[in-house]
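The primary structure of each chain is shown beneath.
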Amino acid sequence: MTSMDPRRLATAIRLRAVQMVAPQGFGYLGQALSAAEQVAAVFTVLRFGVDRLVCSPGHYVIAPFAAAGELGLIDDDVLATYGRNGAVVEAIGTERSPVLDYTCGSLGQGLSAAAGFALSDRMRGRDGRVFALVSDGELQEGQVWEAAMFAGHHRLDRLTVLLDANNSQVDGPVDSITTIEPIADKWRAFGWHAVDLDGHDVAAVAEALDQAGRDTTRPSVLVCRTSTVHGLRCLPPDADGHFIKLPPELAEAAVAELTEELESLR
Amino acid sequence: MTTPETLVVRRPPYPTVLKPYGRALLRLAERRTDILCLSGDLTRQCEIDLFRDRLPERFVHAGMAEAHMMGLAGALARSGHQPFVHTFGVFATRRPYDQIANAIAYPRLPVRIIGFMPGVSTPGGPSHQAIDDVALMRALPGMTVVDVADAVEADQVAEAIAEVPGPVYVRLKRGEIPVIFPGDHRLRLDRAYVLAEGADVALLTSGMMLAPVLAAAEVLGEYGVAASVVHVPVVKPLDERTVRAVTAECRAVVTVENHSVVGGLGSAVAETLAEAGIGRPLRRVGIRDVFAEGSLDAAYLFDKYGLSTRSVVDAVWALLGRPGPPPAATAAPAAPGEYSPV
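Here the structure is a predicted model, which is why all the values come from computation and not from measurement.

(A) Focus on the pairing of strand β4 (residues 82–88) of chain B. All names here are of chain B. Among the seven residues of β4, seven are classified as buried, and the element is accordingly described as predominantly covered. Bridge count for strand β2 (residues 35–39) against β4 is five bridges, and the pairing is parallel. The partner of Ile35 across the bridge, within β4, is Gln82. Summarising the sheet, β4 and strand β5 (residues 112–116) pair through five bridges and their orientation is parallel. If you follow Phe84 over to β5, its bridge partner there is Arg112.

Following this line, the structure appears as structure tokens:
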């Protein structure tokens, strides 16, 4: 848990993500740009050692790493090795990834782990919440729905999914490949409390997280409508959000823009 | 040469017992509260109806959702529980392979995956036959792979694997299980068992093929072929020391497994011999790279796909270049409730 203003934290996540990706000139920056508010809101309420944090899509670890760096949970010199040879903080999450209780680069697996944590807590009479970051592209994986059905049946009310609905996957917009709408109704049909909201409105995400925590009858999902290029005006309009190219001059412009933004939030 | 077991195995037809694993798991779980029992919708078939009825608070039904079940088991193990996961071997390995790799094997978690109905022991057709489960699990880093032979071992396997720090895969025959070993046999996971010594051929086997191998060794003995018999309950990590010691003293080597000849015991033994420079003629008796069709009962399939006592005798006879037709091997007649190999 942190007392940091979640709006500031979201901008700091974007800035740090740019700095982490810049040395390679490309990387999973779009994941941080779309999930920044969700990650900031979760880190604002997360009680380390009590609650658990699952980052189902391993490609998103850049965002929680950036948040953890900003909050002093990961040292700057460790964060600076992101994605490099020999790094503990690999670009796609591994078993060595710090801060997270579970992540996996093979997509669609995180919700089962989150359900396992919630079930274990219930068996042991522990009060922890389980937060799971899940991406909309992962909804194409059947295992997500196996886990959603299980969690709904067992009324794992301490489980909250932040579903990053950024309509982006490797081959293009999710909705150009499969129709996953209506997303919220699907989860409701599986017995979940589901809300559809602007995922870049950090106050709305925080409020929805709070509401989810107070629902003692069923698991919750926040369908966060987002964009992989949000909050970084200097990106070219045709940027590929799944794997953003960030040549040195663009990286420089991005750092300047986000540093200024961060200053304005003081 | 290594000393053979002083214990004397029984002779067919073997008496059988029902659900030795299920009863043993319950016994263990009554002592150890960290044990959880997970089911993938084949509860009675996997002998864990006993657990469900007695310890319902530690019984988790994952539904017919093997991928999810493995992810769930991984997280439960990460939280300090010891999950025993149950379904048929084919569903426990093929469908959730990626989940086992990422959520269980890579973090080296103490999840115990129990796969029932090995090889062609089922009339369920190719969809139900775990003919590649050993190969798949053997390929995963850090996975222990166990294939026990009889009810005495099935009764001990839950307790034995509970002490393994990492993940374990066990394949188990369903239903009535033959009693081959005497009651004082102790299953250990760090060794193979030399049950007979003979310098003509080394017969290495695992799981339910022990019975036909013992029968084949007896027939061969009557016709002047001295066979060593090695029971290998743990295919990985393989007891290479015993494999090397026995094979180095024999003229030829035959492996026998209720599994594809690709990637299982036969492959493991071949790799060991090759790396040790033990140049012996080798035959792998097993399912020869096919899917097994046309089944009402296991006996028919074992015969059709070359997993009978006769198949073992024929393989040895041909490998040693013995003149004339191989001796006939006939199964000992078994009454209801008894078991004899085909």
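(B) How the structure looks around the packing of helix α1 (residues 20–31) of chain B against helix α7 (residues 151–161) of chain B. Residues and elements named next belong to chain B. At a minimum axis separation of 8 Å, α1 and α7 run at an interaxial angle of 30°. Relative to α7, the element α1 is oriented roughly parallel. For α1 against α7, the interelement crossing comes out right-handed. In this structure, α1 contributes Pro20, Tyr21, Ala24, Leu25, Arg27, Leu28 and Arg31 to the contact, and α7 contributes Ala151, Ala154, Asp155, Val157, Ala158 and Glu159.

(C) Examining empty space enclosed by the protein more closely. Residues and elements named next belong to chain B. Evaluation of the coordinates by the stated rule reveals one cavity of 30 Å³ or more. Volume-wise, the largest cavity comes out at about 90 Å³. Lining of the largest cavity is provided by 13 residues; of these, Val148, Ala149, Leu172, Lys173 and Ile177 occupy positions nearest its centre. Elements with a contribution of two residues or more to the lining of the largest cavity: β7 (168–172) and β8 (176–178). When the residues that make up the lining of the largest cavity are grouped by side-chain class, the tally is eight nonpolar, one polar and four charged.

(D) Region of interest: the pattern of salt bridges. Under the defined criterion, the tally for this structure stands at 35 salt bridges over all chains. One salt bridge in this structure joins A:Asp210 and A:Arg214, with 2.7 Å as the shortest N-O distance. In this pair, A:Asp210 and A:Arg214 both sit in helix α8 (residues 202–214), four residues apart, roughly one turn of the helix. A salt bridge links B:Arg11 to B:Glu218, with the nearest nitrogen and oxygen atoms 2.7 Å apart. Residue B:Arg11 is found in the segment before β1 (14–18), and its partner B:Glu218 is found in helix α8 (residues 210–222); the two are separated by 207 residues along the sequence. Taking the relative accessible area as the measure of exposure, B:Arg11 reaches 55% and is therefore exposed.

(E) Seen up close, the pairing of strand β13 (residues 252–260) of chain B. Residue and element names in this part refer to chain B. Of all the nine residues making up β13, nine are buried; the element is thus mostly covered by neighbouring parts of the structure. Pairing of strand β10 (residues 201–205) with β13, which is carried by five bridges, proceeds in the parallel orientation. By the bridge assignment, Ala202 is partnered in β13 with Val253. Judged from the five bridges that link them, β13 and strand β14 (residues 282–287) form a sheet pairing that is parallel. The residue of β14 that forms the bridge with Thr255 is Arg284.

(F) Quick look at unusual backbone geometry. Residue and element names in this part refer to chain B. Cis geometry is adopted by the peptide bond preceding Pro13, which originates at Pro12 and carries an omega value of 0°. The residue Pro13 is located in the segment before β1 in this model. Of note, the bond from Lys236 into Pro237 is cis; its omega dihedral lies within 30 degrees of zero at -5°. By the element assignment, Pro237 lies in the loop between β12 (234–236) and α9 (240–248). In this structure, Asp41 is a non-glycine residue whose phi angle is positive, near 85°. Mapped onto the elements, Asp41 comes out in the loop between β2 and α2 (49–54). Even without a glycine there, the phi angle at Asp289 is positive, about 60°. Residue classification places Asp289 among the exposed positions, given a relative accessible area of 64%.

(G) Quick peek at the sheet that holds strand β11 (residues 227–231) of chain B. Residues and elements named next belong to chain B. Taken in spatial order, the five strands of this open sheet run β9-β11-β10-β13-β14, and their pairing is mixed. Looking at the sheet topology across the chains shown, the edges are occupied by β9 (193–196) and β14. On average, each strand axis in the sheet is inclined to that of its neighbour by 20°, with strand direction left out of account. Of the pairings in the sheet, the one linking β10 to β11 comprises five bridges and is parallel in character. In the sheet register, Leu203 faces β11, and the bridge partner there is Val229. Each of β9, β10, β11 and β13 is contacted by α9, which is oriented at about 155° to β10, the strand it contacts most. Across the sheet, helix α12 (residues 309–320) lies against β10, β13 and β14, angled at about 150° from β13, the strand it touches most.

What counts and what doesn't
- Residues numbered from 1 in each chain as written.
- Chains lettered and ligands numbered in written order.
- Predicted model: local features only at pLDDT ≥ 70, side-chain atom pairs only at ≥ 80, totals over all residues.
- Heavy atoms only, no water.
- Buried < 20%, exposed > 50% of the residue type's maximum accessible area, 1.4 Å probe, protein only.
- Helix = DSSP H or I, 4+ residues; strand = E, 2+ residues; numbered from the N terminus.
- Pairing = 2+ DSSP bridges.
- Axes fitted to C-alpha atoms, helices over the stretch in contact; angles between N-to-C directions.
- Parallel < 35°, antiparallel > 145°, perpendicular 65-115°, else oblique.
- Left-handed = near helix turned anticlockwise from the far one by under 90°.
- Contact = heavy atoms within 4.5 Å.
- 1 Å grid on protein atoms, 1.4 Å probe; cavity = no way out; pocket = protein on both sides within 12 Å on 5 of 7 lines; lining within 4 Å.
- Points joined across faces, edges and corners; volume = space filled by probe spheres on them.
- Nonpolar A, V, L, I, M, F, W, Y, C, P; charged D, E, K, R; others polar.
- Salt bridge = Lys/Arg side-chain N within 4 Å of Asp/Glu carboxyl O.

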